[in-house]
Amino acid sequence: MAKKILVFLLVLVLCTSVFAAKSKTDIYIGLGSGYSQRIDFGEHANLTSDYVPVNADALFYFGDSIALSLGLGADIYIPSSDITDPYAFLLAEAFIYYRLNMGKSASLLIGGGADYQFRSEGEDRAKVSQHNLALLAALRLQADITDNIGLFAEGQVGYEVLRETVFSSSIISGSSKSENLLFVWAAKAGIQYKF
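Basis of the calculations
- Here the residue numbering is sequential within each chain, running from 1 through the sequence in written order.
- Since the coordinates come from a predicted model, pLDDT governs what is reported: local features require at least 70, and pairs of side-chain atoms require 80 or more to be given and counted, while whole-chain, interface and lining totals use all residues.
- Hydrogens and waters are ignored; side-chain quantities use all the structure's heavy atoms.
- Residues belong to a common nonpolar core when they are buried Ala, Val, Leu, Ile, Met, Phe, Trp, Tyr or Cys residues joined through side-chain atoms within 4.5 Å.
- Working definition: with a 1.4 Å probe on protein chains only, accessible area under 20% of the residue-type maximum means buried, over 50% means exposed, and in between means partly exposed.
- By the criteria applied, helices consist of DSSP H or I runs no shorter than four residues and strands consist of E runs no shorter than two, each listed in order from the N terminus.
- Contacts were defined at the residue level, with two residues in contact if any of their heavy atoms lie within 4.5 Å.
- Counted as a polar contact is a pair of N or O atoms within 3.5 Å, where, for protein atoms, one must be capable of donating a hydrogen and the other of accepting one, and residues adjacent in sequence contribute only when both atoms are in side chains.
- Surface patches are drawn from residues lacking salt bridges whose relative accessible area is over 30%; two like charges belong together within 9 Å, two nonpolar side chains (Val, Leu, Ile, Met, Phe, Trp, Tyr) within 5 Å.
- For accessible areas, the Shrake-Rupley method is used with a probe of radius 1.4 Å. Any residue's cover is judged against the shown protein chains and nothing else.
- Think of a salt bridge as a Lys or Arg side-chain nitrogen and an Asp or Glu carboxyl oxygen that are within 4 Å of each other.
- In this analysis, rings of Phe, Tyr and Trp, with Trp reduced to its six-membered ring, are considered paired at centre separations within 6.5 Å, and the interplanar angle assigns stacked below 30 degrees, edge-to-face beyond 60, and tilted for intermediate values.
- Lysine NZ or arginine CZ positioned within 6 Å of the ring centre and within 35 degrees of the ring normal marks a charge as sitting over the ring.
- You can read pLDDT as the predictor saying how much it trusts each residue, on a scale of 0 to 100.

**Focus: the nonpolar core**
Right, so step 1: Formed by Y28, L59, Y61, A67, F95, Y97, L109, A134, L136, A138 and V184, the largest nonpolar core amounts to eleven residues.
Right, so step 2: At the level of secondary structure, the elements contributing two or more residues to this core comprise β2 (46-62), β4 (87-101) and β6 (126-144).
Right, so step 3: With three residues, β6 is the largest single contributor of residues to this core.
Right, so step 4: If sequence neighbours within four positions are ignored, V184 has contacts with Q37, R38, A134, L136, Q156, V157, G158, Y159 and E160.
Right, so step 5: Of all hydrophobic cores here, the second largest spans six residues; its members include A58, F60, L70 and A94.

Structure, rendered in structure tokens:
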């Protein structure tokens, strides 16, 4: 699954690079963080998982109307009790937006995309990995402070459509998938450098 996601992101970057060669492109590179939750509205109880996403972000403006954002970083799980320690997922994101100009120094971006979480633990003899994929709608406000420095704030909402746990050991191996759709929301902000 991880290989499929990486191939998809690579194809997306290559396609946008070809498009970028034919139109005016602005590129922003930045760092961001925030807060997110994944909520399982089960039959008997609501289970909520809290995360602090920390990631590097690349934003590409293609002409006046289209923008693409690619992010890579970590989603740090914050446990609700002292029994479990915090741990981190690898986080990869890809979003495409329609851009609405709000004057010379600000833009409102409306779009959607996906985020992918990956976590692996254990040794070669006994290993467990988890793959989570969420489809999200996003609203992002971009504001330029100077010619090269910008700020962004973003809200995301959607559903986790895949949650797969893969386990393998010297005795047994297999996988399990969750049938429940988890509600996902996130609020993020960060700073960017414009090239």
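**Examining the side chain of E93**
Right, so step 1: Along the chain, E93 turns up in strand β4.
Right, so step 2: With relative accessibility at 7%, the residue E93 sits in the buried group.
Right, so step 3: A polar atom in the side chain of E93 sits 3.4 Å from the side chain of N55.
Right, so step 4: The residues contacting E93, other than those within four sequence positions of it, are N55, S69, L70, G71, A114, D115, Q156 and K188.

**Here we look at a nonpolar patch on the surface**
Right, so step 1: A cluster of nonpolar side chains, namely I66, I96, Y98, L100, I110 and L139, defines an oily patch on the protein surface of about 520 Å² accessible area.
Right, so step 2: For the nonpolar patch, the leading source of residues is β4, giving three residues.
Right, so step 3: Residue classification places L139 among the partly exposed positions, given a relative accessible area of 46%.

**Side note on the packing of aromatic side chains**
Right, so step 1: A full pass over the atoms with the stated rule returns ten aromatic pairs.
Right, so step 2: Both rings, one in F95 and one in Y97, keep their centres 6.2 Å apart while their planes meet at 20°; by these two values the pair is stacked.
Right, so step 3: Assessed through its relative accessible area of 3%, F95 is described here as buried.
Right, so step 4: Y97 sits in the buried class, given a relative accessible area of 2%.
Right, so step 5: Lying over the aromatic face of Y87, R119 brings its terminal NZ or CZ to 3.5 Å of the ring centre.
Right, so step 6: Stacked on the ring of F152, the Lys or Arg R140 has its end atom at 4.1 Å from the ring centre.

**As for the environment of A56**
Right, so step 1: Among the structural elements, A56 can be located in strand β2.
Right, so step 2: Distance in space between the C-alpha atoms of A56 and G190 is 9.3 Å, their sequence separation being 134 residues.
Right, so step 3: When residues no more than four places from it in sequence are discounted, the contact partners of A56 are G30, L31, L70, G71 and L72.

**Observations concerning the pattern of salt bridges**
Right, so step 1: Evaluated as defined, the whole model comprises seven salt bridges.
Right, so step 2: Ionic pairing is found between K188 and E93, a salt bridge with its closest N-O pair at 2.3 Å. Of this pair, K188 sits in strand β9 (residues 182-194) while E93 sits in strand β4, placing them 95 residues apart in sequence.
Right, so step 3: On the accessibility criterion, K188 (9% relative accessible area) is buried.

**As for the confidence of the model for the protein chain**
Right, so step 1: Chain-level pLDDT for the protein chain is 86 on average; 85% of the residues reach the 70-or-more range.
Right, so step 2: In this model residues 18-22 is a low-confidence stretch, pLDDT under 50, and it forms three contacts with partners more than four residues away in sequence or in other chains.

**What to know about the environment of L162**
Right, so step 1: Positionally, L162 belongs in strand β7 (residues 149-169).
Right, so step 2: What makes L162 buried here is its relative accessible area of 15%.
Right, so step 3: In this structure, the C-alpha to C-alpha distance between L162 and L133, residues 29 residues apart in sequence, is 5.0 Å.

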